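Given next are the chains, with one letter for each unit.
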Amino acid sequence: MKRLMMASLVLGLGTAACGSPQTAENTAQENTATASNDANPTSPDGRHYLSQPLVREIFTADPSAHVWGDGKMYIYPSHDVPTDTPNDDLGNQYAMRDYRVLRMDEPGGKVTIGPVALDVKDVPWASQQMWAPDAAFKDGTYYLYFPARDKTKDRNGLGAFRIGVATSKNPMGPFKAEPEAIPGSFSMDPAVYQDTDGTAYMYFGGIWGGQLQRWKDGKYDPNGSDTDLKQDDQPALSGKVVKLNPDMKTFAETPRDAVILDENGKPVLGGAHDKRFFEGSWVFKRDGKYYYTYSTGDTHFLNYAIGTSPYGPFTYKGHILKPVQGWTTHHSIVEWKGKWWLFYADTQLSDKNHLRNVKMTELAFNPDGTIPTIDPFVK
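Residues numbered from 1 in each chain as written. Predicted model: local features only at pLDDT ≥ 70, side-chain atom pairs only at ≥ 80, totals over all residues. Heavy atoms only, no water.

1. Things to note about the confidence of the model for the chain
In this model, the chain carries a mean pLDDT of 92, and residues with pLDDT of at least 70 account for 90%. Counting contacts from residues 17-36, a segment whose pLDDT is below 50, to residues more than four positions away or on other chains yields 38 contacts. (pLDDT = per-residue confidence, 0-100. Contact = heavy atoms within 4.5 Å.)

2. Topic: the nonpolar core
Counting residues in hydrophobic clusters, the biggest one holds 39 residues, and the most contacted among them are Y145, V192, M202, L244, M248, I260 and Y292. Among the secondary structure elements, those contributing two or more residues to this core are strand 8 (141-149), strand 9 (161-168), strand 11 (191-194), strand 12 (200-204), strand 13 (239-243), strand 17 (289-295) and strand 19 (314-321). Of all the elements, strand 12 adds the most residues to this core, at five residues. Those residues in contact with M248, other than ones at most four positions away along the chain, are A136, K138, Y143, Y145, V165, V192, Q194 and A200. Membership of the second largest hydrophobic core comes to 35 residues, among which are M104, I113, A191 and I371. (Core = buried A, V, L, I, M, F, W, Y, C linked by side-chain atoms within 4.5 Å. Buried < 20%, exposed > 50% of the residue type's maximum accessible area, 1.4 Å probe, protein only. Helix = DSSP H or I, 4+ residues; strand = E, 2+ residues; numbered from the N terminus.)

3. Some words on the side chain of D62
With respect to the secondary-structure elements, D62 resides in strand 3 (residues 59-67). The exposure class assigned to D62 is buried, which follows from its relative accessible area of 7%. For D62, the side chain forms a polar contact with the side chain of S78, separated by 2.6 Å. Sequence-distant contacts of D62, that is, excluding residues within four places in its chain, are made with Y76, P77, S78, M96, A132, P133, H330, A345 and R356. (Polar contact = N/O pair within 3.5 Å; in protein donor to acceptor, adjacent residues only side chain to side chain.)

4. Points about the sheet that holds strand 18 (residues 302-307)
Taken in spatial order, the five strands line up as 15-19-18-17-16 in an open sheet, and their pairing is mixed. In the strand order of this sheet, the two ends are held by strand 15 (260-261) and strand 16 (279-286), each with one partner. Judged from the five bridges that link them, strand 18 and strand 19 form a sheet pairing that is antiparallel. Bridging from a neighbouring strand, L302 pairs with L321 of strand 19. (Pairing = 2+ DSSP bridges.)

5. Brief notes about the packing of aromatic side chains
The full count for this structure, using the stated rule, is 30 aromatic pairs. Ring centres 5.1 Å apart and planes at 85 degrees place the aromatic pair F186 and F204 in the edge-to-face group. Highlighted residues: F186 in the loop between strand 10 (176-177) and strand 11 and F204 in strand 12, separated in sequence by 18 residues. Residue F204 is classed as buried on the basis of its relative accessible area, which comes to 0%. Grouping aromatic residues by their ring pairs yields a cluster made of F186, F204, W215, Y220 and F251. (Phe/Tyr/Trp six-rings, centres within 6.5 Å; stacked < 30°, edge-to-face > 60°.)

6. As for the layout of surface pockets
Taken as a whole, the largest pocket spans an internal volume of roughly 440 Å³. If you go around the largest pocket, you meet 20 residues; those closest to its centre are H66, Y193, Q194, V283 and F284. Every element with two or more residues in the lining of the largest pocket is listed here: strand 3, strand 11, strand 16 and strand 20 (332-336). Considered class by class, the residues forming the lining of the largest pocket number 13 nonpolar, three polar and four charged. (1 Å grid on protein atoms, 1.4 Å probe; cavity = no way out; pocket = protein on both sides within 12 Å on 5 of 7 lines; lining within 4 Å. Points joined across faces, edges and corners; volume = space filled by probe spheres on them. Nonpolar A, V, L, I, M, F, W, Y, C, P; charged D, E, K, R; others polar.)

7. Quick look at the pairing of strand 9
Across the eight residues that make up strand 9, a large majority, seven, are buried. As paired strands, strand 8 and strand 9 are joined by eight bridges and run antiparallel to one another. From the neighbouring strand, L144 faces strand 9, where its bridge partner is A166. Across two bridges, the pairing between strand 9 and strand 10 is antiparallel.

8. Considerations on the sheet that holds strand 20
In a beta sheet, neighbouring strands are held together by backbone hydrogen bonds and run either parallel or antiparallel to one another. Spatially, the three strands line up as an open sheet ordered 20-21-22, and their pairing is antiparallel. At either end of the open sheet lies a strand with only one pairing partner, and these are strand 20 and strand 22 (357-363). Going from strand to strand, the sheet's axes swing by 30 degrees on average, the running direction of each strand aside. As paired strands, strand 21 (residues 339-346) and strand 22 are joined by seven bridges and run antiparallel to one another. If you follow F343 over to strand 22, its bridge partner there is M360. (Axes fitted to C-alpha atoms, helices over the stretch in contact; angles between N-to-C directions.)

9. A word on the environment of G318
Looking at the element boundaries, G318 is found in strand 19. On a C-alpha basis, the gap between G318 and P372 in space is 8.9 Å, while along the polypeptide they are 54 residues apart. The residues touching G318, leaving out its near neighbours within four places in the chain, are L302, N303 and Y304.

Right under this line is the structure:
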């Protein structure tokens, strides 16, 4: 484990290269980030970080990592921006409005920051908040999936989250958005898994600001809860899973619950905040098993559950990552160059919840397929 930690400390120290001239906004962000950079940084409580930020020129979070045909790593993150909006349960402080793709040739190597890949002003149906995206590739086309608020208004004066899709012939973009959100889509945090038989599935959803609790009856309630169902003794709200049509732009069916079971085969309860789904689904397959991974939100863990079908149910197994610095924790897991990697984010560069930085570290597996829990700090 110590060797793994030391290898991880090296990652993220490569020089970042921007794919286009920086805007004044990004220059301001770089100044903020650089001020936090020293040879052996520590967290506000004095702990040392396991890994270092992949880039410091811009703030990034919610990394969705993919290895495409050229063997390089492409990371599709949220692009955090400064705002004076205070923290709240609706996530208004997360005011992201565009996406920029990161590319890495080798683990620990230089990271290229692409130009703006998609801006909210170029999405006809969206009003604001381009949150955590994902990407897929099929038949020469790259697909960027993203959540954003539509132009309706709820009791808080905010739009409903929908999921959109945009396409490009270049993995770095620019991407052109479809004029409407994906029919039947809702909530946030799309993650697309393409199975070994070529079938694509989208996993999505998030409670609290992600509004999943407002869809409990299959129809959106603009006056619904801002957090969860407040039913701690009942099965927790589930993230969603849906098969995509071959066009990769539409649902082939009605979304289903991605149910998480406890060790007794019963659905995890709403009160089990250290086990239940909150947001940030990510699925991968290893040795014929489907790993459903997710964030617990207000308890700040990354968890995993294992199933035998992409639809689940998935049996809870434990924590992947202990709480990082900052409120949110959102990730992806990818095999690359013979090793498995966890991509995540914290607030090392800013110590502000809404200004995060993407990191990566090696992920290990036990012989039985379980995952040793990673501590984001070095003891």
